[in-house]
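Examining the three-dimensional arrangement
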Amino acid sequence: MVNIVLMSKLFLIPNFIDDNEHHLCSFDASTIQHLRSFFVEEPKAARALLRSIMPKLPLQDCRFHDLNEHSTSSMLIEYKNIIKAEDSGIISESGCPCIADPGANLVLLAHAQGIDVIPLVGPSSILLALMASGLSGQNFAFSGYLPKDPNERHHRIKMLEQRAAKEIQTQIFMETPYRNISLWEELLKTLDGKTLLCVALDISGSQQFIQTKSVQEWQKNNLQLPKKPALFIINKS
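Read on for an overview of the structure. (Residues numbered from 1 in each chain as written. Predicted model: local features only at pLDDT ≥ 70, side-chain atom pairs only at ≥ 80, totals over all residues. Heavy atoms only, no water.)

Observations concerning helix H6 (residues 180-190)
To keep things clear, this is the line we draw: Remark: exposure states derive from per-residue accessible area (1.4 Å probe, protein chains only) relative to the maximum for the residue type, with buried under 20%, exposed over 50%, and partly exposed in between. Strands here are runs of E lasting at least two residues and helices are runs of H or I lasting at least four, both read from the DSSP assignment and numbered beginning at the N terminus. Any two residues whose heavy atoms approach within 4.5 Å are treated as being in contact.
Among the residues of H6, those classed as buried are Asn180, Leu183, Trp184, Glu186, Leu187, Leu188 and Thr190. Turning to H6, the residues buried within the fold contact helix H5 (150-167), strand E7 (170-175), strand E8 (196-201), helix H7 (215-221) and strand E10 (230-235).

Below, the structure is given as structure tokens:
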């Protein structure tokens with residue numbers, strides 16, 4: 001007689017990327033309706049998602065474990081035991097887990113334990129911005145947030161522009177709402193006038209704005225950015 005050991009599963013659950021839920025998560029919610037253990041970047045956002053896609057889910061029976069930049073190695077060891085014992089899910093505050101968001105360390109532990117990792121389909125502001133930019137999606141790199149220090153940020157922008165020209169590689173980076181104006185001004189001062197620059201604001205939100213122009217054209221445009229989440233994309237024509 002052969003004993004078949006069924007391993008647990010770790011579901012990567014995308015979240016909405018705007019309060020209006022314009023870009024709904026595309027997975028079948030019934031695939032995760034049995035889950036009661038969730039690793040979350042922000043509990044409030046996770047509960048809101050689950051309440052929206054599964055109104056009958058008994059949230060009072062669910063357990064929410066913090067998984068963010070403050071998670072320690074000892075917490076991950078504890079989490080490893082949880083994901084071995086039962087099916088569970090990772091939920092980002094916004095967008096897809098592990099893509100510019102926490103979760104990769106726990107996923108790596110799951111692989112080491114032979115646990116099935118199941119990514120579910122949902123919105124990613126990075127991919128949506130790239131799709132709408134008109135810039136090449138054949139070869140691209142995402143650099144996350146640029147340095148806060150003005151000198152370091154200036155050098156990083158020049159480096160990314162050089163990489164775009166040398167490798168014909170689209171460069172994507174992001175900024176928080178309260179710093180996007182200063183980064184925008186730095187881009188217009190630092191980049192070559194012929195470099196193509198896309199700004200993607202509030203993707204899928206009520207103030208969504210996605211447009212690509214040369215830096216020279218942007219310098220004449222006098223665009224005033226609202227304080228909304230922003231992605232910036234550059235490449236050479």
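Now that the structure has been shown, we can carry on.
Thoughts on a nonpolar patch on the surface
What counts, and what does not: Nonpolar side chains (Val, Leu, Ile, Met, Phe, Trp, Tyr) are joined into patches within 5 Å and like charges within 9 Å, using only residues with over 30% relative accessible area and no salt bridge. Per-residue and other accessible areas follow the Shrake-Rupley method at a 1.4 Å probe size, with only the shown protein chains counted as cover for residues. By convention in these notes, a salt bridge is any Lys or Arg side-chain nitrogen within 4 Å of a carboxyl oxygen on Asp or Glu.
Nonpolar side chains collect at one region of the surface, where Leu127, Met131 and Phe140 lie side by side and expose about 320 Å² of accessible area between them. Assignment of secondary structure puts Met131 in helix H4 (residues 125-133). Take Met131: its relative accessible area is 64%, and that puts it in the exposed class.

Let's talk about the sheet that holds E7
Spelled out, the test is: Here a strand pair is declared whenever DSSP counts at least two bridges between the two strands. Here the axes come from fitting lines to C-alpha atoms, over the contacting stretch only for helices, and the angles between their N-to-C directions go from 0 to 180 degrees.
Taking strand neighbours across the sheet as the criterion, the five strands line up as E6-E7-E10-E8-E9 in an open arrangement whose pairing is mixed. The outermost strands of the open sheet, each flanked by one partner alone, are strand E6 (140-145) and strand E9 (209-214). This sheet shows a mean twist of 15° between the axes of neighbouring strands, independent of strand direction. Where E8 lies against E10, six bridges are found, and the strand directions are antiparallel. Following the sheet pairing, Leu197 is matched in E10 by Ile234.

As for empty space enclosed by the protein
The condition that has to hold: Cavity and pocket criteria rest on a 1 Å grid covering protein atoms alone: a 1.4 Å probe that fits but cannot get out defines a cavity, protein on both sides within 12 Å along at least 5 of 7 lines defines an open pocket, and an atom within 4 Å of a point defines a lining residue. Grid points are joined across faces, edges and corners, and a volume is the space filled by probe spheres set on the points.
Counted according to the given criterion, the structure contains one cavity of 30 Å³ or more. One number sums up the size of the largest cavity: a volume of about 30 Å³. Along the walls of the largest cavity sit Phe39, Val40, Glu41, Leu67, Ile90, Ile91, Ser92 and Pro102, which together make up its complete lining. Only strand E2 (37-40) and strand E4 (88-91) provide two or more residues apiece to the lining of the largest cavity.

Side note on the layout of surface pockets
For the record, the criterion: Gly falls in the polar group here, along with every residue not listed as nonpolar (Ala, Val, Leu, Ile, Met, Phe, Trp, Tyr, Cys, Pro) or charged (Asp, Glu, Lys, Arg).
The computed volume of the largest pocket comes to approximately 1,100 Å³. Among the elements of the structure, helix H1 (43-53), H4, E7 and E10 are those that each provide at least two residues to the lining of the largest pocket. In terms of residue count, the dominant contributor to the lining of the largest pocket is H1 (four residues). Grouping the constituent residues of the lining of the largest pocket by class yields 19 nonpolar, nine polar and eleven charged.

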